[in-house]
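Examining the three-dimensional arrangement
In case you want the letters, here they are:
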Amino acid sequence: MPINATKQSLLNLPRSVKRGLVMFGDVLICGFSVWLAFGLRLDQWGYFQGQQWMAFIAAIGFSFPPFVSSGLYRAIFRYVGSAALASMARVFIIYTGLFFCTFTLLGVDDVPRSIGVIQPILLFIGIGTSRYFVRYFLGSINNVQKSFQRAQPIALIYGVGSAGRQLASGITSNKEMLVKGFIDDDPHLQGSTVNGISVYPNTDVQGLIHRLDITDVLLAIPSASQNRRSEIIASLNGCGVRVRTLPGLIDLASGRVRISDLHDLDMNDLLGRAVVPPDEELLEKNIRDQVVLVTGAGGSIGSELCRQIIKFSPKSLILLDSSEHSLYLIYEELKKAVTALKHDDLANGGDGQDSLPHPALSNKLAASLASVRDSDLLRKIFRAHQPNTVFHAAAYKHVPLVEQNPAEGIRNNVFGTFTCAQVSLECGVSNFILVSTDKAVRPTNVMGASKRIAELVLQAMAEVSAKGDHSTNFSMVRFGNVLGSSGSVAPLFSAQIAAGGPITLTHSEVTRYFMTIPEAAQLVIQASAMAVGGDVFVLDMGEPVRIHDLAVKMVYLSGLLVKDEAHPHGDIEIEVTGLRPGEKLYEELLIGDNPQPTAHPKIMKAHEEFMSWSDLQQELEKLNIALAACDGKLIKGMLKKLVPGYQPNGDVVDWNGRGNS
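Let us look at the structure shown here.

1. Quick word on the sheet that holds strand S22 (residues 596-597)
If you walk across this open sheet you meet the nine strands as S10-S9-S8-S11-S12-S13-S18-S23-S22, and the pairing is mixed. Two strands bound the open sheet, and with one partner strand each, they are strand S10 (365-369) and S22. Two elements, strand S18 (residues 535-539) and strand S23 (residues 603-606), share four bridges in a ladder whose sense is antiparallel. Within S23, the position partnered with Phe537 by the bridge is Lys605. Of the strands in this sheet, strand S8 (291-295), strand S9 (316-321), strand S11 (389-392), strand S12 (431-437) and strand S13 (473-479) are in contact with helix H13 (residues 300-309), which crosses S8 at around 165 degrees. Its contacts with the sheet place helix H15 (residues 375-385) against S8, S9, S10 and S11, and it is angled at close to 170 degrees to S9.

This is the structure we're talking about:
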């Protein structure tokens, strides 16, 4: 304890005092190196004689100007590394040249010429040893040198624009980080300094990170394109630095940039995909001044749909979910959002209504705790609120759970969809949009098969609706995984990395289509505006992502290294556990190969075969009988009949039932 207390008291000294102590120590080392050089050369250990004092004076005079100008006394000595040693070596080359020329080439009386060689060597050894002693002594406090690096990370800021300069100023003022430089693409800025901080080129970022012992790279480039951001992030893979970023220009427009504005890379950065700006006309078409109802409103997609919908002035928004907790969370969140808008308007001299998404929305935000399978309750809710547009996002979606509980999964996903669609048709809903999944295409699991049957229900009902007195525009939007949703790999990997690993993968070659939750929700809304009846829309998910590559990228961008055979001393291990029941290696978005373009570059229309309502109704009755029996064999047979592409890769076992196949 006394030793640690002494170390801590030294660390707590003012920076100016610590620099003074270091400079005084260097003077002593200079004097000692001159005395030692004479002793070794002359084999006489005593006082300086004659003009030998000139060597001592020259050592002080020749060393301190380059030491000070090179920033040697600005370094944090307990973090000194190879980069600091290299900088010291460059300073000593200058010093040695001056000392050698004076005492070896020119010569001074009473000073042997060899002193011009011996003394610089001894001085370099003495200064270097002192730096490493300080590093060892102070850096080992609490026996964890790395904790100091965590306490005060060493950062590079990518971007020397307004955001980068403000960020550097904020970091400098609160001393949470040590900024060692800027990186910028502009060749006119490279090589200059901004507020005393050097600007480096972008040609050798990895080498720069190594030389400067960088722990964090901060992206202060809010106006950069997604492609450019992706290039920069890719160049930082494997560098062992944590990469963080600032929000976009809109978020930064209000004022000064702070360290608290920094956040980890978002999902678009991880995916490296460019997001097409939404078409506001399409977003508003089925929302503005409409009564909108969202089923599964508390889920990942449903809640984001609600957040997007509320921005475009619906007349009222009805949130429907069977989970009390999830419904409560999104309801309270939206109430606060509406209240905040109202207060902002009052503060600006308004009447508290102008800035609301809709003047009456604060009174028409309703939360309905209900199951989509309860037809009587749904009719009461629909007749009370008379929704114009219904987004049906309620579903059981976790593949392993639905695989173990197939009867309940099918009841919710198939018959819940049928009930909602039927009630919508009866109550005169104008637009009904089903949120579907890529797992509905040639499914290998019950969840995917149930979603494909839900699509068949809507396709058949669209045909019925077109012939009836009350026409409802039924459509469905099919897309892949969304990063950040419940059950998504990204939150799971983040938690596993934070816990020190391992990251668990079911298979090293698993690939999935991904997009972010906000992008998916916006595209669902836009697709619904283009529907004419029975449409199956497919979202352009970009290229499929190998899950193993995503895991490696998340490890690298957290400032850590993957632990494997090639890197046994890495930080995070990736463990392959084996495919789960019903899981596919690769997902698809189309059953056929004939997607048609739409007015939106990220939305395609598929033409999928479907059954007539009369035929489908008979098959649904048989499926209901199999569900009532909770018989895995019967369920599997009905799924194969209804979904020709269904190829289960394991037995269908209902944990609540009595049979399997």
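2. Thoughts on helix H18 (residues 446-467)
For H18, spanning 22 residues, the distance from its first C-alpha to its last is 32 Å, which sits close to the expected 32 Å at 1.5 Å a residue. Counting buried positions along H18 gives 18 out of 22 residues, so the element sits mostly inside the fold.

3. Notes on the pairing of S9
Most of S9 sits inside the fold, with six of its six residues counted as buried. Bridge count between S8 and S9: five bridges; the pairing is parallel. By the bridge assignment, Val291 is partnered in S9 with Ser316. Direction of pairing for S9 relative to S10: parallel, over a ladder of five bridges. In the strand pairing of S10, Leu320 is matched with Ser368.

4. Quick notes on unusual backbone geometry
Peptide bonds are trans in most cases, and residues, glycine excluded, mostly fall at negative phi. Cis geometry is adopted by the peptide bond preceding Pro502, which originates at Gly501 and carries an omega value of 0 degrees. Positive phi is not limited to glycine here, since Asp110 has a value of about 70 degrees. You can call Asp110 partly exposed: its relative accessible area is 47%. The residue Asp289 is not glycine, and still its phi comes out positive at about 60 degrees. Of note, Asp289 is situated in the loop between helix H12 (280-285) and S8.

5. Notes on H15
Residues of H15 that are buried: Leu378, Arg379, Ile381 and Phe382. Taken down its axis, H15 places every buried residue within 165 degrees of arc, on the same side. Across from the buried face of H15, at angles greater than 90 degrees, the exposed residues are Asp376, Lys380, Arg383 and Ala384. Remark: Gln386 follows H15 within two positions and exhibits a positive phi of approximately 50 degrees.

What counts, and where the lines are drawn
- Residues numbered from 1 in each chain as written.
- Predicted model: local features only at pLDDT ≥ 70, side-chain atom pairs only at ≥ 80, totals over all residues.
- Heavy atoms only, no water.
- Pairing = 2+ DSSP bridges.
- Helix = DSSP H or I, 4+ residues; strand = E, 2+ residues; numbered from the N terminus.
- Contact = heavy atoms within 4.5 Å.
- Axes fitted to C-alpha atoms, helices over the stretch in contact; angles between N-to-C directions.
- Expected span 1.5 Å × (residues − 1).
- Buried < 20%, exposed > 50% of the residue type's maximum accessible area, 1.4 Å probe, protein only.
- Arc of directions from axis to C-beta.

Bear in mind that shape data such as this cannot, by itself, settle questions of function.
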